[in-house]
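# Working through the structure, step by step
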Amino acid sequence: MKLKIAIQKSGRLSESSLKLLKECGIEFDNGLNKLKAEAYNFPLEVFFLRDDDIPQYVEDGVADIGIVGENVLLEKNRNVKTVQRLGFGKCRLSIAIPKDKTYKSAKDLKGLRIATSYATILSGYLKKKKIKAEIHEISGSVEIAPGIGLADAICDLVSSGSTLFTNGLKEVEVILKSQAALVSNKNLDKEKKALLEKLLFRMNALRSAKSNKYILLNAPNNKLKTICDILPGMKSPTILPLAEKGWSSVHSVVQEDEFWEIIEKLKANGAQGILVVPIEKMIL
Ligand code: ATP
Ligand code: ZN
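Residues numbered from 1 in each chain as written. Chains lettered and ligands numbered in written order. Predicted model: local features only at pLDDT ≥ 70, side-chain atom pairs only at ≥ 80, totals over all residues. Heavy atoms only, no water.

## Notes on the sheet that holds strand β5 (residues 81–85)
This is how it is decided: Two strands pair under a simple rule: DSSP has to find at least two bridges between them. Starting at the N terminus, helices and strands are each numbered in turn, a helix being any DSSP run of H or I of at least four residues and a strand any DSSP run of E of at least two. Angles shown run from 0 to 180 degrees and are taken between the N-to-C directions of axes, each axis being a line fitted to C-alpha atoms and, for helices, limited to the stretch in contact. The contact criterion used is simple: two residues touch if any of their non-hydrogen atoms lie within 4.5 Å.
Ordered in space as β2-β3-β1-β4-β11-β5, the 6 strands form an open sheet in which the pairing is mixed. Lying at the two open borders of the sheet, with one neighbouring strand each, are β2 (36–38) and β5. Going from strand to strand, the sheet's axes swing by 25 degrees on average, the running direction of each strand aside. As paired elements, strand β4 (residues 65–69) and strand β11 (residues 180–184) share 5 bridges and run antiparallel to each other. Paired with isoleucine 67 across the bridge in β11 is leucine 182. The sheet contacts of helix α1 (residues 14–23) involve β1 (3–8), β3 (44–49) and β4, and relative to β1 the element is tilted by about 150 degrees. Contacting β1, β4, β5 and β11, helix α6 (residues 190–210) runs over the sheet at an angle of about 25 degrees to β5.

So, in structure tokens, the structure goes:
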């Protein structure tokens, strides 16, 4: 019994998807032009597919789980379950128009021909805003459509906006913010569910590790109480005596988002030699 996962064969999500599996300790041989690979050390089979096909493969159960952009998921509208957002492959689906055109609100889109590969999402958006516009569905190089007179506007994925800029376009509406997600078939059997849980456990350990830092510092013993109160720690900080009398070394874990604030307080309260190190895995 193996859990089958579908990931993008080659594209913007491939590297991060492979890295995620690798960081979960799963090893496999992903030679070029392979359709699938079997992990050596986890009951997992990896399928390499076009991202557009992943929702359907997962719905049909050809793959049990998959990694795909939320933009593709919404566009394909397949019956799959989103298990977890993964924090990579971030982009937005936006409407852009030639940069010399004036634009005040979404109403200005009325009557325009909008080129896109995301007809479903775009038509949902226009309907919600009660705007009548013409959707021109094309499969690639959407950004050149206005330049060649094929459309008045586009609806396409944007990350930095540089592609829009080089094509003389400006972003006027963000209609979706997207990132990669782990999706699953809705009818996994018990054994496969257990394997998925095992994989999720590893992914969560990575995620906690990434948002936390290990911190070490030296403090005079008379300041230990104050310093320990500042540090949250998983349970409570570890305190070890230093060779120098009257001093201790304090170890703890702090969250990335409160990190700087804590460091400032620690310094103000007599902490010295503060070291901050990344954590590889964290099991709570
Ligand atoms: P495939 O050959 O698998 O169909 P593709 O050309 O459709 O690939 P990519 O351009 O590799 O797809 O993008 C894959 C996913 O990466 C997108 O669906 C989106 O979720 C995400 N992504 C992140 N940033 C961007 C961006 N700037 N442009 C396009 N996609 C992006
Ligand atoms: Zn695609």
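## Examining the layout of surface pockets
The following threshold applies: Definitions used throughout: a 1 Å grid over protein atoms alone; a cavity as a set of points that fits a 1.4 Å probe which cannot get out; a pocket as an open set with protein on both sides within 12 Å along at least five of seven lines; a lining residue as one with an atom within 4 Å of a point. Grid points are joined across faces, edges and corners, and a volume is the space filled by probe spheres set on the points. All residues other than Ala, Val, Leu, Ile, Met, Phe, Trp, Tyr, Cys, Pro, Asp, Glu, Lys and Arg, Gly among them, are scored as polar; the first ten of these are nonpolar and the last four charged. Domain ranges listed in this record stem from an automatic or a database domain assignment.
When its volume is computed, the largest pocket comes out at roughly 1,100 Å³. Around the largest pocket, the lining comprises 42 residues; the ones closest to its centre are Arg12, Asn71, Tyr118, Asp156 and Leu157. Here the residues of the lining of the largest pocket are counted per class, giving 13 nonpolar, 18 polar and 11 charged. Shared between two domains, the lining of the largest pocket takes at least three residues from each, and those domains are domain 1 (3–88 + 179–208) and domain 2 (91–178).

## Regarding the site of ligand 1
Here is the rule: We call a residue near a molecule or strand when any one of its heavy atoms sits within 4 Å of it. Polar contact is the term for a pair of N or O atoms within 3.5 Å; when the atoms are in protein, one must be able to donate a hydrogen and the other to accept it, and sequence-neighboring residues count only if both atoms are side-chain atoms. The Shrake-Rupley method, run with a 1.4 Å probe sphere, supplies the accessible areas, and residue values consider only the shown protein chains as cover. A molecule is counted as occupying a cavity or pocket when more than half of its atoms fall within 2 Å of that pocket's grid points.
For ligand 1, the set of nearby residues contains 15 residues, the closest of which are Arg12, Arg50, Asp52, Asn71 and Ser159. Contact between ligand 1 and arginine 12: an oxygen atom at 2.8 Å from a main-chain N or O atom of the residue. Note that an oxygen atom of ligand 1 is positioned 2.7 Å from one of the side-chain N or O atoms of asparagine 71. Burial of ligand 1 by the protein amounts to 78% of the accessible area it has alone, namely 630 Å². When each cavity is represented as a set of grid points, ligand 1 is found to reside in the largest pocket. When its residues are assigned to classes, the shell around ligand 1 shows 4 nonpolar, 6 polar and 5 charged. Counting residues domain by domain, the shell around ligand 1 receives three or more from each of domain 1 (3–88 + 179–208) and domain 2 (91–178).

## Description of the pattern of salt bridges
How we decide: Salt bridge, as used here, is a side-chain nitrogen of Lys or Arg placed within 4 Å of a carboxyl oxygen of Asp or Glu. Burial classes: relative accessible area under 20% of the type maximum marks a residue as buried, over 50% as exposed, and values in between as partly exposed (1.4 Å probe, protein chains only).
Evaluated as defined, the whole model comprises 14 salt bridges. The partner of glutamate 38 in a salt bridge is lysine 2, with the nearest N and O atoms 2.5 Å apart. Within this pair, whereas glutamate 38 is found in strand β2, its partner lysine 2 is found in the segment before β1, the two being separated by 36 residues in sequence. Residue glutamate 38 is classed as partly exposed on the basis of its relative accessible area, which comes to 43%. Overall, the relative accessible area of 29% leaves lysine 2 in the partly exposed class. For the salt bridge of lysine 34 with aspartate 29, the shortest nitrogen-to-oxygen distance reads 3.5 Å. Where salt bridges share partners, they join Lys19, Glu23 and Lys210 into one cluster.

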